[in-house]
Amino acid sequence: MGFMEWWDGFWSTYNTVIFSFGVNAMLALSIYVTLSCGLLSLANAAFMGIGAYTAALISMQTGLPFPLALAAGGALPALVALIIGIPTLRLSGVYLAMATLGFGEVVRVVVLNLDITGGPLGLNGIPLTTEWWHIVLLLALTLYLLARIRRSKIGRAFEAIKEDEVAARLMGINVAGYKLLAFVIGAAIAGVAGGLNAHYTFTIGPGNYAFENAVDILTMAVFGGSSTLIGPTIGAIVLTLLPEALRDFNHYRLAVNGLILVLVILYLPKGIWDPRRMRAFLQRKRRTAGVN
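Keep in mind it's a predicted model, so treat the numbers as computed, not measured.

Q: Talk me through the environment of Leu35; I want residue IDs and the actual numbers.
A: Relative to the assigned elements, Leu35 resides in helix H1 (residues 3-35). It is 17 Å that separates the C-alpha atoms of Leu35 and Val166, two residues lying 131 residues apart in sequence. Beyond its immediate stretch of four places on either side in the chain, Leu35 contacts Leu40, Lys162, Leu218, Ala221 and Ser226.

As structure tokens, then:
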């Protein structure tokens, strides 16, 4: 069997998993943005759902090109985030998590009861438009833009708010404005990821964007490490591979994710990708080698 035959067989079996790497990385980065501003939001699964349904309906009911459908899939969640963020972001910590989780349930129930979204059955027959290079391009663009933001005045303001909101406000930083900006950016990224996902899964339903999906997205970011852009990306890849490696335990996937979250918070609070911890480890190794 030649390489091309092997590759065709491999791709036809695992292309959905490979596509999921990129989409899940974008979702983890979407929650990284809000976490970098000190916001514990669980609305990203709902924003993904809004983006997925918007992009899918545009593709199925209009003749608009795929890039426009994706753009709309990012724009509508951003608009919704702007509207709900103004009253919601006055909350913080667990209260914000509960409010955004409640918003996610509202979105799920609305989608469940609308005729245009297919109700409980969801949408079927979505055009299979997403190509591997769409995901690579948009993930690279997301990483580039977030890296630019991280090194900019906005990124420094996010960091200041995360470290001490009161001190940031006393320094003249518009805390409410920057929080809202982080919320909107995260929603737009999640919406685009949802649009990409809908166009390679062929079918979507309300159950794809429920509470457990919100927990999955948070787990990816926290597991990888939310202090850098590399962390959430690695976390997304590892936790996308995990269900494939543990297929026999698929019914316990949510419990496994919860256990991972608890263990990481207890023993690796900065996630598996923590540059500071790695540097300290390398310095200890050098000192040990020098003594020997």
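Q: Provide a residue-level description of the packing of aromatic side chains, including the pertinent values.
A: A full pass over the atoms with the stated rule returns 5 aromatic pairs. Measuring from ring centre to ring centre gives 5.1 Å for Phe19 and Tyr200, while their planes differ by 75°; the resulting arrangement is edge-to-face. You can see Phe19 sitting in helix H1 and its partner Tyr200 sitting in helix H8 (residues 175-201), a full 181 residues away along the chain. Taken as a pair, Phe19 and Tyr200 share a single burial class, namely buried. Pairing Phe158 with Tyr178 gives two aromatic rings, centres 6.2 Å apart and planes at 90°, and the pair type is edge-to-face. Residue Phe158 is found in helix H6 (residues 153-163), and its partner Tyr178 is found in helix H8; the two are separated by 20 residues along the sequence. Phe158 sits in the buried class, given a relative accessible area of 4%. Tyr178 gets classed as buried once you look at its relative accessible area, which sits at 16%.

Q: Please give an account of helix H2 (residues 44-61) that cites residues and values.
A: Between the first and last C-alpha of H2 there are 25 Å, a value that for 18 residues agrees with the 26 Å anticipated at 1.5 Å per step. Extensive coverage of H2 is indicated by the burial of 16 of its 18 residues.

Q: Give a description of helix H3 (residues 66-88) that names residues and reports values.
A: In an α-helix, one turn spans 3.6 residues, which is why side chains three or four residues apart end up on the same side. Taking 1.5 Å as the rise per residue, H3 with 23 residues should run 33 Å; its terminal C-alpha atoms sit 32 Å apart, in good agreement. Turning to H3, its buried residues are Phe66, Ala69, Leu70, Gly73, Gly74, Pro77, Ala78, Val80, Ala81, Ile84, Gly85 and Thr88.

Q: Explain a nonpolar patch on the surface to me, using residue names and the numbers behind them.
A: Taken together, the side chains of Leu259, Val262, Leu263, Leu266 and Tyr267 present a nonpolar region at the surface, about 550 Å² in accessible area. For Tyr267, the location among the structural elements is in helix H11 (residues 253-267). Judged by relative accessible area, which is 63%, Tyr267 ranks as exposed.

Q: An account of the nonpolar core is needed here, citing residue identities and associated values.
A: If you look at the biggest cluster of nonpolar residues, it comprises 78 residues, and the most contacted ones within it are Val23, Val33, Phe47, Phe103, Leu146, Leu196 and Ile204. When residues of this core are assigned to their parent elements, the largest contribution, 15 residues, is made by H8. Residue contacts for Phe47: discarding those within four places in its chain leaves Pro77, Val80, Ala81, Ile84, Phe103, Phe183, Ala187, Ala190 and Gly191.

Q: Give a description of a positive patch on the surface that names residues and reports values.
A: A cluster of basic residues, Arg150, Lys162, Lys270, Arg276 and Arg279, forms a positive patch at the surface. For Lys162, a relative accessible area of 35% translates into the label partly exposed.

Q: Could you give me a rundown of unusual backbone geometry, with the residues and numbers involved?
A: The phi dihedral of Phe202 is positive, around 75°, even though this residue is not glycine. Residue position: Phe202 is located in the loop between H8 and strand E2 (203-204). Classification of Phe202 by relative accessible area gives partly exposed; the value is 41%.

Q: I'd like a rundown of the pattern of salt bridges, residues and numbers included.
A: One pass over the full model with this rule turns up 3 salt bridges. Connected through shared salt-bridge partners, Glu165, Arg169 and Lys179 make up one network.

Calculation criteria
Residues numbered from 1 in each chain as written. Predicted model: local features only at pLDDT ≥ 70, side-chain atom pairs only at ≥ 80, totals over all residues. Heavy atoms only, no water. Helix = DSSP H or I, 4+ residues; strand = E, 2+ residues; numbered from the N terminus. Contact = heavy atoms within 4.5 Å. Phe/Tyr/Trp six-rings, centres within 6.5 Å; stacked < 30°, edge-to-face > 60°. Buried < 20%, exposed > 50% of the residue type's maximum accessible area, 1.4 Å probe, protein only. Expected span 1.5 Å × (residues − 1). Patch = residues over 30% accessible without salt bridge, like charges linked within 9 Å, V, L, I, M, F, W, Y side chains within 5 Å. Areas by Shrake-Rupley, 256 points an atom, 1.4 Å probe, with all protein chains shown as cover. Salt bridge = Lys/Arg side-chain N within 4 Å of Asp/Glu carboxyl O. Core = buried A, V, L, I, M, F, W, Y, C linked by side-chain atoms within 4.5 Å. Lys, Arg positive; Asp, Glu negative; His and termini not counted. Charge placed at Lys NZ, Arg CZ, Asp CG, Glu CD.

Functional significance is not addressed by these values, which are geometric in nature.
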